[in-house]
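# Reading the structure
Okay, here's what each chain looks like letter by letter:
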Amino acid sequence: MKIIQEIRKEIDQCDEILIEAFEKRMELVLKVLQYKTREGMPILDSSREEEIISHAVKSLKNKEFEKEIEEFMKSMLTISRKMQSIRLFPYNIVLIGFMGTGKTAIGDRLSQLLRMDTIDTDVLIERQMKTSISKMFEEHGEKYFRQIEKDMVKRVSLRKNTIISCGGGVVLDSENVEHLKETGKIVLLSAQPEIIYERVKNDQNLPVLKGNMTVEFITKKMEERKDKYESAADIIVDTSHKDKEEICQEIVYKLLKS
Ligand SMILES: Nc1ncnc2c1ncn2[C@@H]1O[C@H](COP(=O)(O)OP(=O)(O)OP(=O)(O)O)[C@@H](O)[C@H]1O
Ligand SMILES: O=C(O)C1=C[C@@H](O)[C@@H](O)[C@H](O)C1
Ligand SMILES: [Mg+2]
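What counts and what doesn't
Starting from 1, residues in each chain are numbered consecutively following that chain's sequence as written. Each chain takes a letter, starting from A, and each ligand takes a number, starting from 1, following the order in which they are written. Given that the model is predicted, a residue must reach a pLDDT of at least 70 before its local features are reported, and side-chain atom pairs must reach 80 or more before they are shown or counted; all residues, however, enter totals for whole chains, interfaces and linings. Think of the side-chain values as coming from all heavy atoms in the structure, minus any hydrogens and water. Every helix listed is a DSSP run of H or I at least four residues long, and every strand listed is a run of E at least two residues long, numbered separately from the N terminus. Just to be clear, the radius of gyration here is over C-alpha atoms, and the globule rule we use is 2.2 Å times residues to the power 0.38. To sort residues, take the accessible area from a 1.4 Å probe on protein chains only and compare it with the maximum for the residue type: under 20% means buried, over 50% means exposed, and anything in between is partly exposed. The contact rule is simple, with two residues in contact once any of their heavy atoms fall within 4.5 Å. Each accessible area is a Shrake-Rupley estimate made with a 1.4 Å probe; only the visible protein chains count as cover when residues are assessed. In this tally Asp and Glu are treated as negative and Lys and Arg as positive; neither His nor the chain ends contributes. For this purpose, a charge sits on NZ of Lys, CZ of Arg, CG of Asp or CD of Glu. Paired strands, as defined in this entry, are two strands with at least two bridges between them according to DSSP. All axes are obtained by fitting lines to C-alpha atoms, using only the stretch in contact for helices, and the reported angles, taken between N-to-C directions, cover 0 to 180 degrees. The definition used for a disulfide is geometric: two cysteine sulfur atoms within 2.5 Å. Nearness is judged by heavy atoms alone; a residue qualifies as near a molecule or strand once a single heavy atom is within 4 Å of it. The term polar contact refers here to a pair of N or O atoms within 3.5 Å; inside protein, the definition further demands a hydrogen-donor-capable atom paired with an acceptor-capable atom, and it admits residues adjacent in sequence only when both atoms are side-chain atoms. Expected span, for any helix, means 1.5 Å times one less than how many residues it has. UniProt positions are given in the numbering used here, feature names are shortened, and annotations may be inferred rather than shown by experiment. The nonpolar class holds Ala, Val, Leu, Ile, Met, Phe, Trp, Tyr, Cys and Pro. Asp, Glu, Lys and Arg form the charged class, and all remaining residues, Gly among them, are polar.

For the rest of this paragraph, the subject is the overall build of the protein chain. Along the backbone of the protein chain there are 11 helices and 5 strands. In summary, the protein chain has a C-alpha radius of gyration of 23 Å against a globular reference of 18 Å for 258 residues, an excess of more than 25%. Viewed in the frame of its principal axes, the protein chain has a C-alpha envelope of about 75 × 45 × 35 Å. Residues classed as buried in the protein chain amount to 40% of the 258 residues present. For the protein chain, restricting intrachain contacts to residue pairs at least 6 apart in sequence, the fraction spanning at least 24 positions comes to 73%. Total accessible area computed for the protein chain in this model is approximately 15600 Å², and 54% of it derives from carbon and sulfur atoms. Between the averaged position of the 44 positive side-chain charges in the protein chain and that of its 46 negative side-chain charges there is a distance of 2 Å.

So, about the sheet that holds strand E4 (residues 184-190). Overall, parallel pairing links the 5 strands, which are arranged E2-E3-E1-E4-E5 in an open sheet. Every other strand in the sheet has two partners, leaving strand E2 (117-120) and strand E5 (235-238) as the edge strands with one partner each. Between one strand axis and the next, the sheet turns through 25 degrees on average, direction left out of account. Pairing of E4 with E5 involves 4 bridges; the strand directions are parallel. Following the sheet pairing, Ser-190 is matched in E5 by Asp-238. Against the sheet, helix H11 (residues 244-257) makes contact with strand E1 (92-97), E4 and E5, and its axis sits at roughly 160 degrees relative to E5, the strand it touches most.

This part covers the state of the cysteines. This structure, assessed with the given rule, holds 0 disulfides. In this structure Cys-248 is not part of a disulfide, and its nearest cysteine sulfur, from Cys-166, lies 16 Å away. A relative accessible area of 0% means that Cys-248 is categorised as buried.

With that settled, consider the site of ligand 1. Around ligand 1 sit 15 residues, and of these Gly-102, Lys-103, Thr-104, Ala-105 and Lys-242 come closest. Here an oxygen atom of ligand 1 and a backbone polar atom of Ala-105 are 2.8 Å apart. For ligand 1, whose unbound accessible area comes to 640 Å², protein coverage reaches 72%. For the shell around ligand 1, the secondary-structure elements that each account for two or more residues are helix H4 (103-114) and H11. Ranked by residue count, the leading element in the shell around ligand 1 is H4, at 3 residues.

Helix length check: helix H1 (residues 2-39), at 38 residues, gives a terminal C-alpha distance of 56 Å against a target of 56 Å (1.5 Å per residue), a fit within 8%. When we look at burial in H1, the residues that qualify are Met-26, Val-29, Leu-33 and Lys-36. Looking at the packing, one finds that the buried side of H1 touches helix H3 (66-88). Immediately beyond the C-terminal end of H1, within one or two residues, lies Gly-40, with a positive phi of roughly 65 degrees.

Bringing the environment of Ser-46 into the picture now. The residue Ser-46 is located in helix H2 (residues 46-59) in this model. Between the C-alpha atom of Ser-46 and that of Leu-114, which follows or precedes it by 68 residues, the distance is 10 Å. What Ser-46 contacts, discounting residues up to four positions off in sequence, is Leu-113 and Glu-245.

Listed under "binding site: substrate" (unreviewed entry) in the UniProt record, and renumbered for this structure, are Asp-122, Arg-146, Gly-168 and Arg-225. Looking at Asp-122, the relative accessible area reads 24%, which means it is partly exposed. Every residue in contact with Asp-122, bar those within four places of it in the chain, is listed here: Ile-133, Phe-145, Glu-149 and Gly-167. Tracing the chain through its elements places Arg-225 in helix H10 (residues 215-232). You can call Arg-225 buried: its relative accessible area is 6%. Once residues within four sequence positions are removed from consideration, Arg-225 is found in contact with Phe-98, Met-99, Arg-146, Gly-168, Gly-169, Leu-172 and Val-208. Within the local environment of Arg-225, its side chain forms a polar contact with the backbone oxygen of Gly-168, the two atoms lying 3.4 Å apart.

Here we take up the site of ligand 2. Looking at ligand 2, the residues that line it are Met-99, Asp-122, Ile-133, Phe-145, Arg-146, Glu-149, Gly-167, Gly-168, Gly-169, Pro-207, Val-208 and Arg-225. Between ligand 2 and Arg-146, the relevant distance is 2.7 Å, taken from an oxygen atom to a side-chain nitrogen or oxygen of the residue. Relative to its unbound accessible area of 310 Å², ligand 2 is 96% covered by the protein chains. Sort the elements by how many residues they give to the shell around ligand 2 and helix H7 (residues 142-156) lands first, with 3 residues. For the shell around ligand 2, the per-class residue count stands at 5 nonpolar, 3 polar and 4 charged.

See below:
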């Protein structure tokens, strides 16, 4: 009994050291963040995280704990990144734009990079209604879908520190824009019609383009919606000829400047 008490005492001492080191580390992370923001340096640096993890694995004396140290460092980096994201973006990041501009794809990547939660109105609607958007259009018409979408936008606008990827038609309704703006900043993703066509041409779940999957129709529809998209936007990021990493960096940079 005495032995276990002795060991526990040592564990408590280890925890004290960890707590002290953790506190110090978080304070230093915030200092780096302030410095980077002041100097206009890129905030996201995935290679630095990999370096920190591999350094920790190498530094370990007892190799029995390799897997565990990796997990430990990853959790700490996640906590640290989350803390930074909350300070940098104390609001929802709302992604809007035409079909195929990358709202869903960029929402997912941005959420990995910033360790912020992400949701997608189309995905939530399909999950709630237990059917596809195409079927909803087919069986009940567009008006029915837009009402469900409107209710969903109202609900998701109540969230905090979340990346909200919207359906392509969400901002056509001015009340949706008002709700989203109450808690978020709006990022308009754009792309050239030819690029959008290449990205969506095989997508069977886009009823607005059904029977009209051509560059000409996409161009016309984009032109019709242009003013609504642009007037809702706090920042605009063109996604043509850019990979997801570049787009995320640009979103972060422009949001911080806005
Ligand atoms: N920057 C990019 N480069 C190459 N492919 C991309 C890029 N962004 C998105 N894509 C691809 O284009 C397709 C459409 O993207 P995504 O589904 O994210 O668009 P969306 O804006 O969410 O469209 P929707 O309005 O239909 O929900 C996907 O296959 C995605 O992987
Ligand atoms: O642009 C649109 O009107 C749409 C885009 C998709 O995200 C879906 O929300 C739906 O297919 C309608
Ligand atoms: Mg999408």
